[in-house]
Number of protein chains: 2
Amino acid sequence: HSSETELREQGAVFMPRFDSAGLVTAVAVDHASGALLMLAHMDAEAIAKTRQTGFAHFHSRSRGRLWMKGESSGHVLKVIEIRVDCDQDALELRVEPAGPACHTLAPSCFYRRIEDDGSLARIEDA
Amino acid sequence: HSSETELREQGAVFMPRFDSAGLVTAVAVDHASGALLMLAHMDAEAIAKTRQTGFAHFHSRSRGRLWMKGESSGHVLKVIEIRVDCDQDALELRVEPAGPACHTLAPSCFYRRIEDDGSLARIEDA
């Protein structure tokens, strides 16, 4: 381990490791149930806005802009806690969702499982 | 919605949406506790190997090769269920970990939270 790796993994300094597009991956988890809700991307602006407002903001890769989750649907994600992973290229947003997290109106975006035969089956509770 | 989007979001056909590097993001979750364990990437080979063996395999972007989580440490992840998100560019691996999921020997890679002052604090239970 280099001292930079050591610092990044064990240190108390938040130093997000952005990819070449300036993004880290963010995973939203329901703080109460622990359910995995959705995955999106954040740039420095989205991280700053999320910490400032207490509501999850992301960077849309397709639209190339900052967006607040729920800005049109009202299904915002209130951020209770932000966690960072060992190498600081991923964030866990522990949230309180105001409604379905998925744009399909499923509670979570992960509403299907892969069956043994390779087909997808809807999960009852997701 | 185009019919392709409809099929991808509502259909029963697993058709992962790989990025330009041939990868989807995979999130490993402890099936018993619901804890978020780690985040990695999978290509078609890693997905096939994971489904075939029942143990989580990923594609290392830095080493440019397939690896089985725990291949050197023994801390493998037994896969109980694989879920896919709405647009099929992310997978949730519901797993039973054989040991600490993080290479730092923390149970989860997400062992620090961002405090209000922007510093990182170790989480007791992670």
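What counts, and at which threshold
Residues numbered from 1 in each chain as written. Chains lettered and ligands numbered in written order. Predicted model: local features only at pLDDT ≥ 70, side-chain atom pairs only at ≥ 80, totals over all residues. Heavy atoms only, no water. Disulfide = S-S within 2.5 Å. Salt bridge = Lys/Arg side-chain N within 4 Å of Asp/Glu carboxyl O. Helix = DSSP H or I, 4+ residues; strand = E, 2+ residues; numbered from the N terminus. Buried < 20%, exposed > 50% of the residue type's maximum accessible area, 1.4 Å probe, protein only. Pairing = 2+ DSSP bridges. Contact = heavy atoms within 4.5 Å. Buried area = accessible area lost by both parts, 1.4 Å probe. Polar contact = N/O pair within 3.5 Å; in protein donor to acceptor, adjacent residues only side chain to side chain. Nonpolar A, V, L, I, M, F, W, Y, C, P; charged D, E, K, R; others polar. Axes fitted to C-alpha atoms, helices over the stretch in contact; angles between N-to-C directions.

(A) Highlighting the state of the cysteines. Tallied over the entire structure, the rule returns 0 disulfides over all chains. Of all cysteine sulfurs in the structure, the one in A:Cys109 sits closest to A:Cys102, which takes part in no disulfide; the separation is 3.6 Å. The closest cysteine sulfur to the non-disulfide-bonded B:Cys86 is located on A:Cys102, 3.8 Å from its own sulfur.

(B) Quick peek at the pattern of salt bridges. According to the stated counting rule, one finds 17 salt bridges over all chains in the structure shown. B:Glu81 is the partner of A:Arg113 in a salt bridge, and the nearest nitrogen-oxygen pair spans 3.7 Å. Residue A:Arg113 is located in strand β7 (residues 112-114), and its partner B:Glu81 is located in strand β5 (residues 77-84); the two belong to separate chains. Overall, the relative accessible area of 27% leaves A:Arg113 in the partly exposed class. In this structure, B:Glu92 engages B:Arg94 in a salt bridge whose closest nitrogen and oxygen atoms are separated by 3.0 Å. Through salt bridges with shared partners, a single network forms among A:Arg61, B:Arg17, B:Asp87 and B:Asp89.

(C) The pairing of strand β5 (residues 77-84) of chain A, seen in detail. Residues and elements named next belong to chain A. For β5, the buried fraction is high: 6 of the 8 residues fall into the buried class. Sheet topology note: the β5/strand β6 (residues 90-97) ladder contains 7 bridges and is antiparallel. Bridged to Arg-83 within β6 is Glu-92. Count of turn residues in the β5/β6 antiparallel hairpin: 5 residues, of which Gln-88 carries a positive phi of about 60°.

(D) Fine view of the interface of chain B and chain A. Between chain B and chain A, the residue contacts involve 45 residues of the former and 45 residues of the latter. Taken over both partners, the interface formed by chain B and chain A buries close to 3500 Å², and the fraction arising from carbon and sulfur atoms is 56%. One can count 3 salt bridges joining chain B with chain A. Summed over the shared surface of chain B and chain A, the number is 24 residue pairs in polar contact (both at pLDDT 80 or more). Of all elements in the fold, only α1 (3-10), β1 (24-30), β2 (36-42), β5, β6 (90-97), β7 (112-114) and β8 (120-122) of chain B reach the threshold of two or more residues within the side of chain B that touches chain A. Taken together, the residues of the side of chain B that touches chain A sort by class into 20 nonpolar, 10 polar and 15 charged. For β5(A) and β7(B), the ladder comprises 2 bridges, and the chain directions are antiparallel.

(E) Summary view of unusual backbone geometry. Residues and elements named next belong to chain A. Unusually for a residue other than glycine, Gln-88 sits at a positive phi of about 60°. Along the chain, Gln-88 falls in the loop between β5 and β6. The exposure class of Gln-88 is buried, given its relative accessible area of 1%.

(F) The arrangement of the sheet that holds β7(A) in detail. With respect to topology, 6 strands assemble into an open sheet ordered β8(A)-β7(A)-β5(B)-β6(B)-β1(B)-β2(B), the strand pairing being mixed. Only two strands of the sheet have a single neighbouring strand rather than two, namely β8 (120-122) of chain A together with β2 of chain B. If you compare each strand with its neighbour and ignore which way they point, the axes differ by 35° on average. Inspection of the sheet shows β1(B) paired to β6(B) by 6 bridges, in the parallel sense. Looking across to β6(B), one finds that B:Ala26 is bridged to B:Leu91. Set on the sheet, helix α2 (residues 44-53) of chain B makes contact with β7 of chain A together with β1, β2, β5 and β6 of chain B; between it and β2(B) the angle comes to about 125°.

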